[in-house]
Every structure is written in structure tokens, then in C-alpha cells.
Amino acid sequence: MIPISTVRLGPEVEERVLSVIRSGIIAQGPVVAELEQRFAELQGAKHAVAVNNGTTALVAAVEVLDLQPGDEVITSPFTFIATLNAILEAGATVRFGDIRTEDFALDPASVEARITPRTKVIMPVHLYGQSADMAPLVEIARRHGLKIIEDAAQAHGARYHDQGVGTFGIGTFSFYATKNLTTGEGGIITTDDDEIADRLRVLRNQGMRQRYVYEVAGHNHRLTDLQAAVALPQLDSYDELVARRQQNAALLTELIGDVDGLVLPRQLDGREHVWHQYTLLLPEGVDRDTVVEKLAAAGVGSGIYYPKLVFDYDVYRAREDVIIDDAPVAASVARRCLSIPVHQHLTDDEVRTVAAAVRQVLGA
Ligand SMILES: *Cc1c(COP(=O)(O)O)cnc(C)c1O
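Residues numbered from 1 in each chain as written. Predicted model: local features only at pLDDT ≥ 70, side-chain atom pairs only at ≥ 80, totals over all residues. Heavy atoms only, no water.

(A) Here's a closer look at the packing of helix α2 (residues 30-43) against helix α8 (residues 225-236). Interaxial distance between α2 and α8 falls to 8 Å at its minimum, and their mutual angle equals 35°. Of the two elements, α2 crosses α8, and the hand of that crossing is left-handed. Listed contacts from α8 to Pro30, Val31, Val32, Glu34, Leu35, Arg38, Phe39 and Leu42 of α2 are Asp225, Ala228, Ala229, Ala231, Leu232, Leu235 and Asp236. (Axes fitted to C-alpha atoms, helices over the stretch in contact; angles between N-to-C directions. Helix = DSSP H or I, 4+ residues; strand = E, 2+ residues; numbered from the N terminus. Left-handed = near helix turned anticlockwise from the far one by under 90°. Contact = heavy atoms within 4.5 Å.)

(B) Representation of the site of the ligand in the model. Within the structure, the ligand sits among 16 residues, and Gly54, Thr55, Asp151, Ser174 and Lys179 are positioned closest to it. Within the side chain of Asp151, one N or O atom sits 2.8 Å away from a nitrogen atom of the ligand. Interatomic distance of 2.6 Å between a side-chain N/O atom of Ser174 and an oxygen atom of the ligand. Coverage of the ligand by the protein chains reaches 93% of its 380 Å² of free accessible surface. (Near = heavy atom within 4 Å. Polar contact = N/O pair within 3.5 Å; in protein donor to acceptor, adjacent residues only side chain to side chain. Areas by Shrake-Rupley, 256 points an atom, 1.4 Å probe, with all protein chains shown as cover.)

(C) Looking closely at the UniProt feature "modified residue: N6-(pyridoxal phosphate)lysine" (unreviewed entry) in the chain. Following the UniProt record, one finds the feature "modified residue: N6-(pyridoxal phosphate)lysine" (unreviewed entry) at Lys179. Within the secondary structure, Lys179 is located in the loop between β8 (170-174) and β9 (187-191). (UniProt positions renumbered as here; feature names shortened; annotations may be inferred.)

(D) Fine view of a negative patch on the surface. Where like charges cluster on the molecular surface, the negative patch consists of Asp162, Asp239, Glu240 and Glu272. Note on placement: Glu240 falls in helix α9 (residues 238-256). (Patch = residues over 30% accessible without salt bridge, like charges linked within 9 Å, V, L, I, M, F, W, Y side chains within 5 Å. Salt bridge = Lys/Arg side-chain N within 4 Å of Asp/Glu carboxyl O. Lys, Arg positive; Asp, Glu negative; His and termini not counted. Charge placed at Lys NZ, Arg CZ, Asp CG, Glu CD.)

(E) Seen up close, the sheet that holds strand β7 (residues 163-164). Strands sit in the order β7-β6-β10 across an open sheet of 3 strands; the sheet is antiparallel. In this open sheet, the two strands that pair with only one neighbour each are β7 and β10 (271-272). Taken together, the 2 bridges between strand β6 (residues 159-160) and β10 define a ladder with antiparallel strand orientation. Note on β10: the bridge partner recorded for Arg159 is Glu272. (Pairing = 2+ DSSP bridges.)

(F) View of the side chain of Thr172. Looking at the element boundaries, Thr172 is found in strand β8. The contact partners of Thr172, leaving out residues within four places of it in the chain, are Ala57, Leu58, Ala61, Ile149, Glu150, Asp151, Ala152, Ala153 and Ile188.

(G) Representation of the pairing of strand β4 (residues 119-123) in the model. Counting buried positions along β4 yields 4 of 5 residues, so the element is predominantly enclosed. As paired elements, β4 and strand β5 (residues 147-151) share 2 bridges and run parallel to each other. Within the sheet, the bridge partner assigned to Val121 lies in β5 and is Lys147. Once the chain exits β4 it traverses helix α6 (residues 134-144) before rejoining the sheet at β5, and the crossover so formed is right-handed. (Buried < 20%, exposed > 50% of the residue type's maximum accessible area, 1.4 Å probe, protein only. Right-handed = clockwise from strand over helix to strand, strands pointing away.)

Here is the structure:
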């Protein structure tokens, strides 16, 4: 079976982790600091603050903006559930824009239509490794006096007109096991704002800067040096990892580009896509579960990210802090999306096997 994701870490990671174990400093220490510096460089951000997962990164990013109960965050309904859960955990109210099929990300016009006097934050999600359309979102935020938090959990290294994602406002990233960069569990927050970075560091560490001097009621959001040691060698070769994913995506597109009715993902002008996922839209009327089964029978793993819109679950429906609006494009995409393997460990032959299976299953 060719899996949708493979976690394979090399001897450099083993050595780096071993050296942390031997150092005696296994919680947050110098290796986390090194990861923060290297990650800030990757995105072109002034600061990066490491935390223990990507959801925490989102919660902290919302919290640091000091929203009041009833203040609203507008985000995408087509995302991993953590985006929604984090906004709620931080005590804000959430509203949803719609998305565009070309990048699976927030449609700026739909965001503008949802702005109310309570709106404080626009939270685009850079889904599958490609940036949302940031220029119009930044312009809308400026015009209405709103903040931007970018959920870049899937988009390490992605760029929009040569600007790293996570630098248009506060950026949050995940280092979960299957993300492009991983520490098993982990996350990081980027910002160019000195004061926000400082306050995030205080929030992360029980609200204290100096031992036993508490400035706010904080948390334990810390990442460990053991985890940071897993990520650092991956950063050394991250360009190659992305190049390999880009090659695989290009080959898939070459091999299945002519399949009738299939909508393929593409890198849009001015954006650098890091291909966390290669996600296609099946033709209307094709039974997706059957496609998944037949692909599996042909030895090809696939994934549905995501089968429903985040608000489309009973647990969220009766909540006053979840305001549900129609998102017809997102709803159609959720019914039709299917991700196929694109990761860096695939050989060309495996990419060809994936493409051949897609053609066969769709009768092309
Ligand atoms: C993975 C992910 C998160 C959450 O990150 P964790 O590290 O799993 O907590 C948030 N948003 C999106 C879009 C994600 O893909």
C-alpha cells in the first residue's frame, strides 16, 4: 500500500535527539531557542515562539489579542476542526466565510460580507500547503481595523508574492507527526511584533517572565528540547523536501490532467505551494467512498480532508458562539475532495502507480 503520509526520520534526527538526552536538558532549553530562530528565518518573520502543538498556537494567538466575549473571528469552514476549537477555547465567537475552489481558502468577498461591529480578527487557513489570497484580506483588515491570524498549520515555507505565510499578521504552525515538518506533537507562532512575541512567551510559561512573578494567568504551552531536536535536521533539508513534493505534484498533474471532470489542484500565480496535500475534486455524482475503496484495492492510500464543514456537527449547532452562515462552495468542495499521496518519500514509480490507479478507478 502506498500511504497518504509516511513518517521517516533519518540518522541525523536520532543523533540530535540522543545528544539532547545526554545533555541533561530535556525540557524547553537551547534547542527550542535554536528551532525558533531557524523557523523565523524560514518564514521571514522577526520572531517565532514554539509551543506544544498547533492548536495551542492558535489559542495563544487569539488570546494574546485580548478579545472580549462576543468578539468575532471570521474563518474558513473548510479546515481541520482545531481551527474552530481554538477560537472557542480562547473565548471568542466564530463566523464563517466561504472559500474559492482554486485555493480552497477564504474568499475575501465572503469575508467582507460577514463583518459586523463585533468582528476583530480574520483567520485565513492556508490549506494543503498553499497560501490564501492575502493581499485582499490584508486590505479588508486594514480598512476595518481588524487583526489577522493565519492558520498555517499545513503551510511551512509557503509564500505569497515572496512573503512567507505567517508574516501578514500572527502566524501559527503545527509540527504534528504528518505535517511537512514534525516534532511528533508541536507548534510555533510567528510574528513581527516585539510586544506580541514577548507576551506570547510570558503566556507560554505560566504568565511569568521572572520566576514566581506572575504578569497574567498563563499556561504551560512549552515545547521540549527533545522535540525541537527532531525538527532541526528536517529544517536543514526542508528545501529538498519541498522540491520533491513539488516534483511529485507536477508529475501527478501531468499523468491525470486529462481525466474528464476531475479538478486538479494547482499552484496559483505569485504563490509558492509546499504541497502538504495533493487534493483533487471528483466529478459531481461520483461516489467518493467507492473511489477510496477501489484505490485501496489498487494499493493506493487516500484521504478525505475534510468530509464535512467544521460547523456541520451537532456539538456546534446549538452554541451561541458559533454563528453559521451558508458556504455553498465549501459545502460542494467537502463533498467532492479527495487527497492522494504526494509526499517526499514517494518514488517516481509510486507516483505513476498512484496516477494509474486514479485513471483506472475513474474509468479514464
Ligand atoms: C494540524 C492542524 C491544526 C492543529 O495542529 P495540531 O498540532 O494537530 O494541534 C490546526 N489547523 C490546521 C489547518 C491543521 O491542519
